[in-house]
Every structure is written in structure tokens, then in C-alpha cells.
Amino acid sequence: MRFPLLPTLLLALLCSFAAIDARAQSDALRVSPEGQVPDDSRLGPLRDLNDQLHPWTPPTTREAWEAEAERIREQVLVSVGLWPMPEKTPLEPVIHGLIDRGDYTVEKVYFASRPGHYVCGSLYRPKGAGPFPGVLCPHGHWANGRFYVATDAADQMASDAEEFESGANSPLQARFVQLARMGCVVFHYDMVGYADSQALPHSEGYGDVAAQLELQCLMGLQTWNSIRALDFIQSLDDVDPSRIGVTGASGGGTQTFMLCAVDDRPTAAFPA
């Protein structure tokens, strides 16, 4: 098939002009000389499971540690969408449903970590006036979260892993009872999507484009809940705000080191 000469030439000229215009626009947007790419690790080779672990040399002086901690803190906050830090709005905590267990008490708690979003938990308190040390206890991925009841309690007793039946049946609650009996005020709070905190599912949400563009994610929300839980326990009249510990196991261990990476108020941390 033959094409008319004039339309063919016109089409070739239009394509040429379009290519020149595209090249001009590309040059206008260029930030580095042609052929040179920015020094950005994202442009390097992709990492895979066969790579060595990330090289890291621990600092050797207090000043170097503080500088490294600040770098890590900022990196963590950016990665979970908390940079800059959101405004701390009033918690408006509600503490209710007192249960007296003789040498300690248990109460139900909820507060607004952000307007309209609530953190729920259980507050264990020793008897006495205080002020007592405070302990934050995020839980891990156990069924029903802080209401977990073990299905292998008999095996735990038979193997001597647990001495008391109550501890074998309810190992999470047993830990907080023991801490309360030792003289600590303990706040055991829900992960997002567990127990009383199921307004947002644990593994869903924040997957839309708008959330991604704002760096919003469930990890950021959970970390923010932990920060506000720290605000809550420090606000209690019977808690010494200068003596705060954080401890959790499994996913609660993750929350422990996430909180203590971004907030320097805790004086002791035990991620298990």
C-alpha cells in the first residue's frame, strides 16, 4: 500500500516536533547533569534474602549514641507517618468498673488517642497511696488480645512451665497481677483490631491511595496509641512519671521497642 507523500511528511514533522518538545520538558525537569543519577539508595541494586545484613557499627561514646538515637528516631517516625508529630488532643480518659481483688484492683479504661479513635485497656493498681512506678504492657498476637485464655493450660502445668492454674489459663493477665502485687500500676492496652478496639481491623485499612500519599499506616496508628498510652499512665495521680517501664512479648515486644525508639520518657524497656 502506498501513502500520499505530503501527509506522510507532515506526520513525520509532527512526530519530530513532539519528540523535541518532550526532550525539552525532560531537560527542564532534570536536577542532575545528563548521565548522572542522584546518590539515592533506592536507585541501587534491589536487596534480596541472599544479601548480608545491613552493616552497622555501634557508637562508642555517649555523644555518638545520642546522635545515632536521634537519627533512628527520625527515620522511624518518617517511616510510620508520624513526622511531623500529630497534635496531642485531649485524651478525656474514662476509668470505670472497679474490681477489688484484695491486694490489687482492676479497672476498665478508654481514652481518645485522636478525636473519634479510642484506645481500650485494663488498669491494674496496687493498694496504697503511691506514687508507684508505672508499666505499659502492649500485648502480642494472641487470640482475643488482653482477654486471651490459653488452650494448652494443662500441658503448661504438666511440664512445670506454669506453677499455678490461674497463670496457665491466663498468662497475660497473670503477669500484670504479679506486677501490681509488686507495687506497679500497670496499663494493659489493646492492639488495633483486638479485644475492645475493633473499630479498625488489625490487618486492613489505610491501604488506599490517599493514606499512602500521607504515609498513614496501621503501624503508625499503633505507635501513636502507645505514645498516648504513655501520656495516660503518666497523668495518673498514683504514678511516678519519672519511673515508667514498657514491656511486651511477640507483637508486644515490637510495640515496646517502637515506642522506646521514638519516645525517651520510659526509663526501662523489656521487649520479649
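To keep things clear, this report deals only with the structure shown in the data block. Just so we're clear, the structure is a prediction, and the values are computed from it rather than from any experiment. (Residues numbered from 1 in each chain as written. Predicted model: local features only at pLDDT ≥ 70, side-chain atom pairs only at ≥ 80, totals over all residues. Heavy atoms only, no water.)

### Observations concerning the overall build of the chain
Piece 1. In terms of helices and strands, the chain carries eight helices and seven strands.
Piece 2. Here the chain, with 272 residues, has 37% of them falling under the buried criterion.
Piece 3. Sequence-distant contacts in the chain: of pairs separated by 6 or more residues, those separated by 24 or more amount to 62%.
Piece 4. Accessible surface computed for the chain: about 17300 Å², of which carbon and sulfur atoms make up 58%. (Helix = DSSP H or I, 4+ residues; strand = E, 2+ residues; numbered from the N terminus. Buried < 20%, exposed > 50% of the residue type's maximum accessible area, 1.4 Å probe, protein only. Contact = heavy atoms within 4.5 Å. Areas by Shrake-Rupley, 256 points an atom, 1.4 Å probe, with all protein chains shown as cover.)

### Remarks on the sheet that holds strand β4 (residues 132–138)
Hydrogen bonds between backbone groups are what pair the strands of a sheet, and the pairing can be parallel or antiparallel.
Piece 1. The seven strands are arranged β1-β2-β3-β5-β4-β6-β7 in an open sheet whose pairing can be described as mixed. Both edges of this open sheet fall to β1 (94–100) and β7 (268–271), since each of them pairs with a single strand only. Across the sheet, the axes of successive neighbouring strands diverge by a mean angle of 20°, strand direction being ignored.
Piece 2. Seen against the sheet, helix α7 (residues 218–235) touches β1, β2 (104–114), β3 (117–126), β4, β5 (185–189) and β6 (239–248) and runs at an angle of roughly 125° to β2. (Pairing = 2+ DSSP bridges. Axes fitted to C-alpha atoms, helices over the stretch in contact; angles between N-to-C directions.)

### Some thoughts on α7
Piece 1. An ideal rise of 1.5 Å per residue puts 26 Å on 18 residues; α7 measures up with 26 Å between its terminal C-alpha atoms.
Piece 2. Among the 18 residues that make up α7, 16 are buried, leaving the element largely enclosed by the rest of the structure. (Expected span 1.5 Å × (residues − 1).)

### Considerations on the pairing of β7
Across a regular strand the side chains alternate sides, sitting on one face of the sheet and then on the other.
Piece 1. As paired elements, β6 and β7 share four bridges and run parallel to each other. Paired with Gly 248 across the two strands is Pro 271, which belongs to β7.
Piece 2. In terms of handedness, the path from β6 via helix α8 (residues 251–262) over to β7 forms a crossover that is right-handed. (Right-handed = clockwise from strand over helix to strand, strands pointing away.)

### Quick notes on the packing of helix α2 (residues 62–79) against α8
Piece 1. Relative to each other, α2 and α8 sit at 120°, their axes nearing to 8 Å. The crossing of α2 and α8 is left-handed. Contacts from Arg 73, Val 76 and Leu 77 of α2 reach α8 at Met 258, Ala 261 and Val 262.
Piece 2. Of the residues assigned to the contact of α2 with α8, the class counts are five nonpolar, no polar and one charged. (Left-handed = near helix turned anticlockwise from the far one by under 90°. Nonpolar A, V, L, I, M, F, W, Y, C, P; charged D, E, K, R; others polar.)

### Here's the deal with the packing of aromatic side chains
Piece 1. Counted according to the given criterion, the structure contains eight aromatic pairs.
Piece 2. The interplanar angle of 25° and the centroid separation of 5.4 Å between the aromatic rings of Phe 111 and Phe 232 together place this pair among those described as stacked. Of this pair, Phe 111 sits in strand β2 while Phe 232 sits in helix α7; the two residues are 121 residues apart in sequence, bridging distant segments of the chain.
Piece 3. On the basis of relative accessibility, which here comes to 0%, the residue Phe 111 falls in the buried class.
Piece 4. With centroids separated by 6.3 Å and ring planes inclined at 45°, the aromatic side chains of Trp 142 and Tyr 148 adopt a geometry described as tilted.
Piece 5. Judged by its relative accessible area of 24%, Trp 142 falls in the partly exposed class.
Piece 6. Looking at Tyr 148, the relative accessible area reads 14%, which means it is buried.
Piece 7. What links up through ring pairs into an aromatic cluster is the set Phe 111, Phe 187, Tyr 189 and Phe 232. (Phe/Tyr/Trp six-rings, centres within 6.5 Å; stacked < 30°, edge-to-face > 60°.)

### Observations concerning the pattern of salt bridges
Piece 1. Applying the stated criterion across every chain yields a total of 15 salt bridges.
Piece 2. The salt bridge involving Asp 231 is made with Arg 228; its shortest N-O contact spans 2.7 Å. One end of the pair is Asp 231 and the other is Arg 228, both in helix α7 and three residues apart, which spans about a single turn. Comparing Asp 231 with Arg 228, the two get one shared label, buried.
Piece 3. Each of the salt bridges in this network shares a partner with another, and the network as a whole consists of Lys 88, Arg 228, Asp 231, Asp 263 and Arg 265. (Salt bridge = Lys/Arg side-chain N within 4 Å of Asp/Glu carboxyl O.)

### Notes on the side chain of Arg 146
Piece 1. Note that Arg 146 resides in the loop between β4 and α3 (153–158).
Piece 2. We classify Arg 146 as buried; its relative accessible area is 4%.
Piece 3. A polar contact of 2.6 Å, which involves the side chain of Arg 146, links it to the side chain of Asp 190.
Piece 4. Dropping the residues within four chain positions of it, Arg 146 is found in contact with Cys 120, Gly 121, Ser 122, His 139, Leu 172, Gln 173, His 188, Asp 190, Ala 195 and Asp 196. (Polar contact = N/O pair within 3.5 Å; in protein donor to acceptor, adjacent residues only side chain to side chain.)

### Focus on the state of the cysteines
Piece 1. For the structure on display, the rule yields zero disulfides.
Piece 2. We note that Cys 184 lacks a disulfide partner, and the nearest cysteine sulfur, in Cys 137, lies 9.1 Å from it. (Disulfide = S-S within 2.5 Å.)

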